[in-house]
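# Structure assessment
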Amino acid sequence: MSTATNTEQPTAASTQAATAGTATTTADAPNSVLRVAPASPAAAAAYFGASLAFHADVSDVASALAAGGDPGFVVLDSRSTESWDQGHVPGAIHLPTALIPGQAEQLLDKAVPVVTYCWGPGCNGATRAALALAQLGFQVKEMLGGFEYWAREGFAFETWEGGERRTPDPLTAPLDAEDCGC
């Protein structure tokens, strides 16, 4: 569980500038992994720092919410009502992406960061929601893995019928530990 301590948010342009010119291709590389050389440590630090400024994982979000009190952010489910009814993060605000421009400022406080999620890694709905919120002036992060990984890691969720929790998938969460240790 990592937390970025840098309060400056790198931009896509600054990250691109930090990594520009670092990719060198060589035909005589020992394998396809090294065919393009790794970025310099400084470029890698800029890139990964930027990634943490824009993303949170489900385990970190769940841990912050479970700690009790105000986690310092709100969780926003950007999916349809039918999807919301199937299951959602407890305490999340439901605001489908298409409704963000007209309703976000009535439902959310711009002083409080927003963590968006959608279905899962194969869906970019949370990214579209995060973009719409950022364009309105909100601080925003995207929850990697979305609702799929929330459920797969065994965190409790709510449905239209009540609360549920699934057995953690051993490919996504440790079975005998509170967290993955990362």
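All of these numbers come straight from a predicted model, not from anything done at the bench.

A separate point is the overall build of the protein chain. Secondary structure assignment for the protein chain yields 7 helices and 7 strands. When the helices and strands of the protein chain are read in sequence order from the N terminus, they spell out α-α-β-α-β-α-β-α-β-α-β-α-β-β. A total of 182 residues make up the protein chain; the buried ones form 32% of that total.

Attention now goes to the sheet that holds strand E1 (residues 55-57). Taking strand neighbours across the sheet as the criterion, the 5 strands line up as E1-E5-E4-E2-E3 in an open arrangement whose pairing is parallel. Only two strands of the sheet have a single neighbouring strand rather than two, namely E1 and strand E3 (93-94). Here strand E4 (residues 114-117) runs beside strand E5 (residues 140-144); their pairing, made up of 3 bridges, is parallel. In the strand pairing of E5, Val114 is matched with Val140. The strands touched by helix H3 (residues 58-66) within the sheet are E1, strand E2 (74-77), E4 and E5, with E1 carrying the most contacts at an inclination of about 75°.

On inspection of all chains with the given rule, the structure shows 4 salt bridges. Here Arg79 ties to Asp77 by a salt bridge, and the two come within 2.7 Å at their closest N and O atoms. Accessibility assignment for this pair places Arg79 and Asp77 in one class, buried. Residue Glu148 is joined to Arg152 by a salt bridge in which the shortest nitrogen-to-oxygen separation is 3.1 Å. With Glu148 and Arg152 both in helix H7 (residues 146-152), this residue pair falls 4 residues apart, about one helical turn. Through salt bridges with shared partners, one network takes in Glu148, Arg152 and Asp169.

In this section: the pairing of E2. By the bridge criterion, 4 bridges tie E2 to E4 in an arrangement that is parallel. Bridge pairing in E4 places Val75 opposite Val115. Read from E2 through helix H4 (residues 81-86) to E3, the crossover connection turns out right-handed.

Further remarks concern the state of the cysteines. Scanning the entire structure with this criterion turns up 0 disulfides. Free of any disulfide, Cys118 has its nearest neighbouring cysteine sulfur in Cys123, separated by 3.2 Å. Classification of Cys123 by relative accessible area gives partly exposed; the value is 24%.

Among the structural elements, Ile100 can be located in helix H5 (residues 100-107). Residue class for Ile100 comes out buried when judged on its relative accessible area of 0%. Here the alpha-carbon distance between Ile100 and Leu133, two residues 33 residues apart in the chain, equals 7.0 Å. With residues up to four places along the chain from it excluded, the contact list for Ile100 reads Leu95, Ala129, Ala132, Leu133 and Leu136.

With that settled, the discussion passes to the packing of aromatic side chains. Tallying each qualifying case throughout the model produces 4 aromatic pairs. Pairing Trp150 with Phe155 gives two aromatic rings, centres 5.1 Å apart and planes at 50°, and the pair type is tilted. One aromatic cluster in this structure is built from Trp119, Phe147 and Phe157. Of note, Arg79 hangs over the ring of Trp119, and the distance from its end group to the ring centre comes to 4.4 Å.

Cut-offs used in this document
- Residues numbered from 1 in each chain as written.
- Predicted model: local features only at pLDDT ≥ 70, side-chain atom pairs only at ≥ 80, totals over all residues.
- Heavy atoms only, no water.
- Helix = DSSP H or I, 4+ residues; strand = E, 2+ residues; numbered from the N terminus.
- Buried < 20%, exposed > 50% of the residue type's maximum accessible area, 1.4 Å probe, protein only.
- Pairing = 2+ DSSP bridges.
- Contact = heavy atoms within 4.5 Å.
- Axes fitted to C-alpha atoms, helices over the stretch in contact; angles between N-to-C directions.
- Salt bridge = Lys/Arg side-chain N within 4 Å of Asp/Glu carboxyl O.
- Right-handed = clockwise from strand over helix to strand, strands pointing away.
- Disulfide = S-S within 2.5 Å.
- Phe/Tyr/Trp six-rings, centres within 6.5 Å; stacked < 30°, edge-to-face > 60°.
- Lys NZ or Arg CZ within 6 Å of the ring centre and 35° of its normal.

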